Amino acid sequence: MEKVTVNASRTYDILIGEHLLDTAGERIRAAAGGGAALVVTDDTVDRLYGEKLVSSLRRSGYRVEKFVIPPGEASKNTENFLGILNFLAEKHFTRSDVVAALGGGVVGDLAGFAAACFHRGMTFVQLPTTLLAAVDSSVGGKTAVDLPAGKNLIGAFYQPALVICDIRTLDTLSEEIFRDGCAEVIKYAIIADRELFMDLKQPVRPQLEKIITRCVSIKRDIVARDEFDTGVRQLLNFGHTVGHAVEACSDFAVSHGSGVAIGMAAESRAAAQRGFCDALCLNEIVSLLRLYGFSLDCPYSAEALCEKALSDKKRRGDAITLVVPREIGQAELLTVPVGELLSFFRSGR
Ligand code: NAD
Ligand code: GLY
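All chains use their own residue numbering, which begins from 1 and follows the written sequence. Key to labels: chains lettered from A, ligands numbered from 1, both in the order written. Local features are withheld for residues below a pLDDT of 70 in this predicted model, meaning they are given only at 70 or higher, and side-chain atom pairs are given and counted only at 80 or more; totals for whole chains, interfaces and linings count all residues. Note that the side-chain values use all heavy atoms of the structure and ignore hydrogens as well as water.

1. Considerations on the packing of aromatic side chains
- Note on ring pairs: Phe, Tyr and Trp rings are taken, using the six-membered ring of Trp, and paired if centres are within 6.5 Å. Classes follow the plane angle, with under 30 degrees stacked, over 60 edge-to-face and the rest tilted. Evaluation of the coordinates by the stated rule reveals 3 aromatic pairs.
- Arranged with centres 5.8 Å apart and planes meeting at 65 degrees, the rings of Phe-67 and Phe-87 form a pair that is edge-to-face. In this pair, Phe-67 is assigned in strand 4 (residues 63–69) and Phe-87 in helix 3 (residues 78–90), connecting sequence segments 20 residues apart. A single burial state applies to Phe-67 and to Phe-87, both of which are buried.
- Judged by centre distance (4.5 Å) and plane angle (15 degrees), the ring pair of Phe-81 and Phe-113 falls under stacked. Taken together, the positions of Phe-81 in helix 3 and Phe-113 in helix 4 (residues 105–117) put the pair 32 residues apart, joining distant regions of the chain. Note on conventions: DSSP H or I runs of at least 4 residues are helices, E runs of at least 2 residues are strands, and numbering of each starts at the N terminus. When accessible area is computed with a 1.4 Å probe and restricted to protein chains, residues below 20% of their type maximum are described as buried, those above 50% as exposed, and intermediate ones as partly exposed.

Here's what the structure looks like:
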């Protein structure tokens, strides 16, 4: 088992290893205490792993309740958010009790935001079961739900008390969902870790513990410097300005990972054209993305993408911050006036 410790407004451990769900109860008791635990999960994950977590929590003396949502982004809504809050109140939960998010980023973001709000903040633990959640959403304290007007429009920074990543749970992910997570792993390699980039030329599954540990260590370092996303944390948005625009243009038919892959290729092309990185770096990025089977052709015009990007919450006033790779393992922030975004997008196509 690997352990990575995050030092943010709260200090907490991320545990990464095999079969950790079996002992999750005692680990949560040691890190978080409390008398009752609410497991928030989705139907798919509940069928696969719900009972294992509930039994482990009960063995450790918790009174356990469960709140199960349908799988998918549509569940990350205000109705489920209020549903969890009302359920916590009806079942007499207190601040020192625990909300345990078992699932992907949808469950983690929703449960985390509810935990942040109930009694102005109750104990929260993350048990990520997708690769994306393991390397990204379970760490760093961003929680949110969607509004009809857009994704993640309400939320809070609220750090968990513990993250337990049982890598065996990732065995049951479909190839498509696993690959979505690989796009985020590739992102970490490009912005911060050349050695990881080289490791990604070999299959990911046999190296999961090492790769997840490396990714969360990178995120830990970034979050320690900029928990509230006003500076270096924006490096984690590499590929996401174009990627989110592609997802939005497709009405979310293009998956997040595929959008981010198109975005990383486009943002790298634009960066190379402006001399931030050389053609070799661009080639390496594009080749690795292709190795994972990502199609990098963008079916939308620069104008359509630009319009979506300008309504994204990454925009601050009249400026937008982009991420440009310098070389494999190093990237920097580039803040441009919104008027220059279209030309950036045009050169990325
Ligand atoms: P998800 O939570 O919807 O999970 C994807 C699918 O995988 C779901 O159908 C789920 O039921 C299924 N699944 C989960 N674990 C499984 C397992 N072990 N075996 C089989 N099936 C399993 O999607 P996601 O990609 O994990 O997360 C996406 C969400 O994360 C988005 O809402 C995004 O906004 C959010 N996000 C948040 C952050 C953050 O920092 N908080 C970062 C990135 C993304
Ligand atoms: N997923 C980007 C961040 O946590 O900042």
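Moving on from the model shown.
2. Thoughts on the environment of Gln-234
- Tracing the backbone shows Gln-234 in the loop between helix 8 (208–225) and helix 9 (240–249).
- Taking the relative accessible area as the measure of exposure, Gln-234 reaches 8% and is therefore buried.
- Separated by 36 residues in the primary sequence, Gln-234 and Met-198 have C-alpha atoms spaced 24 Å apart.
- Pairs of residues are marked as contacts when any of their non-hydrogen atoms sit within 4.5 Å. Excluding residues that lie within four positions of it along the chain, Gln-234 makes contacts with Asp-226, Asp-229, Arg-316, Thr-321, Val-323 and Leu-333.

3. Brief notes about the nonpolar core
- Here, the term nonpolar core denotes a set of buried Ala, Val, Leu, Ile, Met, Phe, Trp, Tyr and Cys residues that are joined through side-chain atoms within 4.5 Å. Counting residues in each nonpolar core, the largest one holds 77 residues, and the members touching the most others are Ile-14, Leu-131, Ile-186, Leu-200, Ile-212, Leu-289 and Phe-345.
- Examining the composition of this core, we find that 9 residues originate from one element, helix 6 (residues 175–192), more than from any other.
- The next biggest cluster of nonpolar side chains, apart from the first, holds 26 residues, and it includes Phe-67, Ile-84, Leu-110 and Tyr-158.

4. Focus on the site of ligand 2
- Residues are labelled near a given molecule or strand when at least one of their non-hydrogen atoms is within 4 Å of it. Neighbouring ligand 2 are Asp-136, Lys-142, Lys-219, Arg-233 and Leu-236.
- For ligand 2, a nitrogen atom lies 3.0 Å from a polar atom in the side chain of Asp-136.
- The separation between an oxygen atom of ligand 2 and a polar side-chain atom of Arg-233 is 2.8 Å.
- Protein coverage of the free-state accessible area of ligand 2, which is 200 Å², stands at 84%.
- Polarity classes work like this: nonpolar for Ala, Val, Leu, Ile, Met, Phe, Trp, Tyr, Cys and Pro, charged for Asp, Glu, Lys and Arg, and polar for all others, with Gly in that last group. Of the residues belonging to the shell around ligand 2, the class tally is 1 nonpolar, no polar and 4 charged. For this analysis, a polar contact is any N or O atom pair within 3.5 Å, provided that within protein one partner can donate a hydrogen and the other can accept it, and provided that sequence-adjacent residues contribute only side-chain to side-chain pairs. Using a 1.4 Å probe, the Shrake-Rupley method yields the accessible areas, and only the shown protein chains count as cover for residues.

5. Some thoughts on the site of ligand 1
- Taken together, 25 residues lie around ligand 1, and Asp-42, Glu-73, Thr-129, Thr-130 and Thr-172 are the ones closest in.
- Measuring from an oxygen atom of ligand 1, one finds a backbone N or O atom of Gly-105 at 2.8 Å.
- A distance of 3.1 Å separates an oxygen atom of ligand 1 from a polar atom in the backbone of Val-106.
- Calculation on ligand 1 without its partners gives an accessible area of 870 Å², and the protein chains cover 86% of this total.
- Looking at the shell around ligand 1, the elements that each hand over two or more residues are helix 2 (43–59), helix 4, helix 5 (131–137) and strand 8 (150–157).
- Broken down by element, the shell around ligand 1 gets its largest block of residues, 4 residues, from helix 2.
- Along the lines of polarity and charge, the residues of the shell around ligand 1 split into 8 nonpolar, 9 polar and 8 charged.

6. Overview of helix 3
- Take the residue count of a helix, subtract one, and multiply by 1.5 Å to get its expected span. Given a rise of 1.5 Å per residue, 13 residues ought to cover 18 Å, and the 18 Å separating the end C-alpha atoms of helix 3 matches this to within 8%.
- Buried residues of helix 3: Asn-80, Phe-81, Ile-84, Leu-85, Phe-87 and Leu-88, and no others. Projected onto a plane normal to the axis of helix 3, the buried residues spread over an arc of 160 degrees and lie on a single side. In helix 3, those exposed residues whose orientation departs by more than 90 degrees from the buried face are Glu-79 and Glu-90.
- Looking at the packing, one finds that the buried side of helix 3 touches strand 3 (36–42), strand 4, strand 5 (98–103), helix 4 and strand 7 (142–147).
- His-92 sits one or two residues past helix 3 and shows a positive phi near 60 degrees. What the arc describes is the spread of directions from the helix axis to the C-beta atoms.

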